[in-house]
Amino acid sequence: MTNFGLRFASFFPAFILFTTTTFSQYTPTSPYLTDPDRLVGYVDSCAKFWFNSYDATYGGFYTNVDRMGNVITSWGTNKKPLTQTRHAYAFSKAFMLTGNEVYLQKAQDALSFLYGKAWDNTNGGWYGDLNRQGSPVSSSDAKTAFDAHYALLGIASMYEATRDPLAESWFNKGYDLLENRYWDRGSAFGYFDQAAANFSTRTGKSFNATVDALTTHLLLMSRLTGETKYITKVDSVVLNILNRLVPTMDSQQIGFAELYNNDWSINQSETMTIMGHVLKTAWVLGRAYRLDPKPEYITAARKLFNSVLLKGYDHVYGAPYKDYNRTTGQMLLWGIQDSAKAWWQVEQAITGGIELWDITKDDEYLKAADESISFFMNYFVDRTYGEVYENTMRRGGRVWGEHKGNGFKAAYHSVELGYLTYLYSKIYLAKQPFSLYYKFVPSVLPRTIKVSPLLTSAGKLIISGVTLDGAPFASFNPNTLELNLASNTGGKFKVTFQPQEISSIADQEPGIPSEMVLNQNYPNPFN
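Q: Hey, could you go over helix 13 (residues 363-380) for me, with residue numbers and the actual values?
A: With 18 residues, helix 13 extends 25 Å between its outermost C-alpha atoms, agreeing within 8% with the 26 Å of an ideal straight helix rising 1.5 Å per residue. Among the 18 residues in helix 13, 16 count as buried, and that is most of the element. Where helix 13 starts, the residue carrying a side-chain oxygen 3.0 Å from the main-chain nitrogen of E364 turns out to be D362.

So, in structure tokens, the structure goes:
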């Protein structure tokens with residue numbers, strides 16, 4: 001066991017002791033944190049990889065893609081809605097970082113297929129899988145909250161980049177579905193995990209039905225709109241995390257229970273717990289804290305993240321491990337002889353680590369983020385053909401194939417890692433100005449558009465400059481992060497943000513628990 005584990009295990013999970021916080025001022029070593037502009041090239045490379053998987057005949061992007069970006073026809077020529085929405089997220093974010101409008105067209109290509117083919121016009125809701133032509137593989141399959149949440153991921157991201165009225169309309173349609181068909185309004189409130197194809201029955205609760213509501217759209221729409229309905233729903237979902245998910249940790253050997261019955265009792269048929277899910281939950285609690293700074297959010301986030309550092313993290317080579325049996329504590333090896341790591345789970349350690357470090361200034365979180373991004377860039381990134389591999393062995397060797405796309409892997413996590421780590425590093429670590437691009441079509445009505453790129457503490461960011469189609473644009477509020485567009489004004493906006501030095505968030509919020517007492521080379525293959 002590492003020194004961290006020995007010191008931490010002396011009191012976890014029996015009790016948590018908080019004291020006055022002291023910090024060693026850990027300095028990241030990964031150049032992707034110290035020089036975040038490298039991440040722009042990484043995002044650009046990842047997003048471009050998927051261009052060749054578009055079907056020019058029937059529209060939409062194929063789901064099964066090999067290492068080089070070609071369709072794996074032997075796996076099927078299906079086009080899951082999950083693939084379309086995740087690609088739309090990635091393409092719209094690639095546009096925001098690079099200003100390349102080709103990405104907006106690619107995002108629209110993915111969303112057009114989603115809008116035109118994935119919605120069940122008879123019963124409502126989203127199909128889970130489509131064939132090449134866009135017909136449902138099975139119209140009678142159960143519909144899941146997971147698919148309903150993720151359908152909104154790419155739509156909301158496109159809305160952020162463009163304020164596209166069509167994206168807004170489809171977002172509202174999908175959001176209403178979640179509110180009216182999936183949300184349990186009884187005393188065991190929360191999103192049902194599954195529903196019959198016609199919504200005649202609804203069953204179960206789960207990690208995915210709960211936490212993925214926050215990651216896919218609730219936090220983003222709360223940030224962009226400030227509307228009470230989104231912020232209130234964030235509060236309700238966070239209550240599910242605090243009162244349902246986190247308390248199960250104390251009766252597990254590792255992680256938490258991920259599948260529940262209608263009344264939130266644990267569904268014992270599922271014993272797997274996933275380190276990426278534990279880390280993601282800590283991360284979303286940190287982001288929710290930016291909206292509603294309650295100390296219990298950070299107490300729970302610490303407990304979650306620290307549990308992974310203690311039992312599910314590789315302190316020798318860096319990055320979290322994958323899957324475990326929560327009741328026995330045994331790692332699930334899935335037939336291989338060594339432990340493995342998954343691309344999306346490593347992302348949660350990076351983004352979640354930086355988020356919690358900025359809130360708590362606990363160097364263990366920044367160290368985990370630094371180690372994890374170093375491992376990711378060295379071993380997950382394909383420097384020959386682009387994008388990233390799905391899994392690696394503990395020391396970085398590849399396992400379970402070199403494909404890049406399947407039913408659960410698309411462009412989303414790899415691009416999200418680059419996009420958000422870029423913002424986090426610019427704002428919290430390098431404290432450097434950065435620019436993002438937006439494309440707003442002209443409107444006959446004047447508009448005020450909020451372009452806040454991240455949930456941060458008040459006053460952390462200001463707008464230092466804006467251009468419209470390359471010319472200076474002066475009608476903006478630097479402090480509220482709003483652009484004021486007169487009627488018939490539109491085009492490509494480049495907005496430059498400047499991080500501000502303010503007192504630490506821990507100093508601003510005395511209710512935050514203090515720190516828990518805890519007695520290679522980096523080639524840049526992109527461009």
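Structure's up, so let's keep going.
Q: Residue-level account of the sheet that holds strand 17 (residues 482-485), with values.
A: Read across the open sheet, the three strands follow the order 13-17-16; overall the sheet is antiparallel. In the strand order of this sheet, the two ends are held by strand 13 (447-450) and strand 16 (476-477), each with one partner.

Q: Describe the packing of aromatic side chains, and please don't skip the residues or the numbers.
A: One pass over the full model with this rule turns up 33 aromatic pairs. The interplanar angle of 70 degrees and the centroid separation of 6.1 Å between the aromatic rings of F171 and Y230 together place this pair among those described as edge-to-face. Of this pair, F171 sits in helix 7 (residues 165-182) while Y230 sits in helix 9 (residues 228-245); the two residues are 59 residues apart in sequence, bridging distant segments of the chain. Like Y230, F171 is buried. Look at Y175 and Y230: their rings are 5.1 Å apart centre to centre, the planes differ by 75 degrees, and that puts the pair in the edge-to-face class. Of this pair, Y175 sits in helix 7 while Y230 sits in helix 9; the two residues are 55 residues apart in sequence, bridging distant segments of the chain. The pair Y175 / Y230 is uniform in exposure class, with both members buried. Ring-pair connections join several aromatic residues into one group, and the members of that group are Y42, F375, F376, Y379 and F380. Taking the ring centre of F51 as reference, the NZ or CZ of K106 above it sits at 4.8 Å. Cation over ring: K341 sits above F375, and NZ or CZ is 4.0 Å from the ring centre.

Q: Go over the packing of helix 10 (residues 275-291) against helix 11 (residues 295-311) with me, naming the residues and quoting the values.
A: Each pair of packed helices gets described by two things: the angle between the helix axes and the distance between those axes. Running from N to C, helix 10 and helix 11 cross one another at 155 degrees; their axes reach a closest spacing of 8 Å. In terms of axis orientation, helix 10 runs roughly antiparallel to helix 11. The interaxial crossing formed by helix 10 with helix 11 has left-handed handedness. In contact with M275, V278, L279, T281, A282, L285, G286, A288 and Y289 of helix 10, helix 11 contributes P295, Y297, I298, A300, A301, L304, F305, S307 and V308.

Q: Now, about the environment of N406: what can you tell me, with residues and values included?
A: Summarising the element assignment, N406 is placed in the loop between strand 11 (391-393) and helix 14 (412-429). Considered as a pair, N406 and D314 are 92 residues apart in the sequence and their alpha carbons are 27 Å apart. With residues up to four places along the chain from it excluded, the contact list for N406 reads T63, N64, W75, T83 and E390. Looking at N406, its side chain comes within polar contact range of the side chain of H403, at 3.3 Å.

Q: A description of the layout of surface pockets should follow, citing residues and the corresponding values.
A: Taken as a whole, the largest pocket holds about 1000 Å³ of empty space. Lining the largest pocket are 40 residues, with F146, N208, I274, H277 and F408 positioned closest to its centre. Classifying every residue of the lining of the largest pocket by side-chain character gives 17 nonpolar, 10 polar and 13 charged.

Q: Just give me the short version of the environment of G204, but keep the residues and values in it.
A: Residue position: G204 is located in the loop between strand 5 (202-203) and strand 6 (205-206). Discounting chain neighbours no more than four positions away, the residues touching G204 are Y191, F192, D193, Y260, N261 and N262.

Q: Before we move on, could you go through the pattern of salt bridges and cite the residues and values that matter?
A: All chains considered together, the criterion is met by 30 salt bridges. We note a salt bridge from K341 to D314, for which the minimum N-O separation is 2.9 Å. On the criterion of sequence distance, the pair formed by K341 in strand 10 (residues 340-342) and D314 in the loop between helix 11 and strand 9 (323-325) is long-range, its members being 27 residues apart. Here K341 matches D314 in class, with each residue buried. Of the charged contacts, one joins K404 and D382 as a salt bridge, the two residues approaching to 2.9 Å between their closest N and O atoms. Of this pair, K404 sits in the loop between strand 11 and helix 14 while D382 sits in the loop between helix 13 and strand 11, and the two are 22 residues apart along the sequence. Taken individually, K404 and D382 each receive the classification buried, so the pair is uniform in this respect. One continuous salt-bridge network, built from bridges that share partners, spans R67, D382, R398, E402 and K404.

Q: Hey, could you go over the sheet that holds strand 4 (residues 194-195) for me, with residue numbers and the actual values?
A: Taking strand neighbours across the sheet as the criterion, the three strands line up as 1-4-5 in an open arrangement whose pairing is antiparallel. Only two strands of the sheet have a single partner each, and these edge strands are strand 1 (143-144) and strand 5. Direction of pairing for strand 1 relative to strand 4: antiparallel, over a ladder of two bridges. Each residue of the ladder has a partner; that of K143, found in strand 4, is A195.

Q: Any chance you could break down unusual backbone geometry for me, citing the residues and the numbers?
A: Positive phi is not limited to glycine here, since D469 has a value of about 50 degrees. The topology assignment puts D469 in the loop between strand 14 (461-468) and strand 15 (471-472). Notably, N488 is not glycine yet its phi reads approximately 65 degrees, a positive angle. Structurally, N488 is set in the loop between strand 17 and strand 18 (491-499). Judged by its relative accessible area of 57%, N488 falls in the exposed class.

Q: Residue-level account of the pairing of strand 13, with values.
A: Residues in a regular strand point their side chains to alternate faces of the sheet. Side chains R447 and I449 of strand 13 all project onto a buried face; the interleaved residues T448 and K450 project onto a face where none is buried. Sheet topology note: the strand 13/strand 17 ladder contains four bridges and is antiparallel. Paired with T448 across the two strands is N484, which belongs to strand 17.

Q: So what's going on with the confidence of the model for the protein? Which residues, and what values?
A: On average, residues of the protein carry a pLDDT of 92, and 91% of them reach 70 or more. Here residues 1-23 scores under 50 on pLDDT; set against residues more than four positions off or in separate chains, the count is 47 contacts. With pLDDT under 50 throughout, residues 514-527 is counted as low confidence; its partners more than four residues away or in other chains account for 56 contacts.

Q: With reference to specific residues and values, describe the packing of helix 12 (residues 343-360) against helix 14.
A: Across the interface, helix 12 lies against helix 14 with an axial gap of 10 Å and an inter-helix angle of 20 degrees. Considered as vectors, helix 12 and helix 14 are oriented roughly parallel to each other. Where helix 12 crosses over helix 14, the handedness of that crossing is left-handed. Residues W343, W344, E347, Q348, I350, T351, I354, E355, W357 and D358 of helix 12 form the contact with helix 14, whose own contacting residues are H413, S414, E416, L417, L420, T421, Y424, S425, Y428 and L429. Of the residues contributing to the contact of helix 12 with helix 14, the split by class is 10 nonpolar, six polar and four charged.

Thresholds, definitions, all that
Residues numbered from 1 in each chain as written. Predicted model: local features only at pLDDT ≥ 70, side-chain atom pairs only at ≥ 80, totals over all residues. Heavy atoms only, no water. Helix = DSSP H or I, 4+ residues; strand = E, 2+ residues; numbered from the N terminus. Expected span 1.5 Å × (residues − 1). Buried < 20%, exposed > 50% of the residue type's maximum accessible area, 1.4 Å probe, protein only. Polar contact = N/O pair within 3.5 Å; in protein donor to acceptor, adjacent residues only side chain to side chain. Pairing = 2+ DSSP bridges. Phe/Tyr/Trp six-rings, centres within 6.5 Å; stacked < 30°, edge-to-face > 60°. Lys NZ or Arg CZ within 6 Å of the ring centre and 35° of its normal. Axes fitted to C-alpha atoms, helices over the stretch in contact; angles between N-to-C directions. Parallel < 35°, antiparallel > 145°, perpendicular 65-115°, else oblique. Left-handed = near helix turned anticlockwise from the far one by under 90°. Contact = heavy atoms within 4.5 Å. 1 Å grid on protein atoms, 1.4 Å probe; cavity = no way out; pocket = protein on both sides within 12 Å on 5 of 7 lines; lining within 4 Å. Points joined across faces, edges and corners; volume = space filled by probe spheres on them. Nonpolar A, V, L, I, M, F, W, Y, C, P; charged D, E, K, R; others polar. Salt bridge = Lys/Arg side-chain N within 4 Å of Asp/Glu carboxyl O. pLDDT = per-residue confidence, 0-100.

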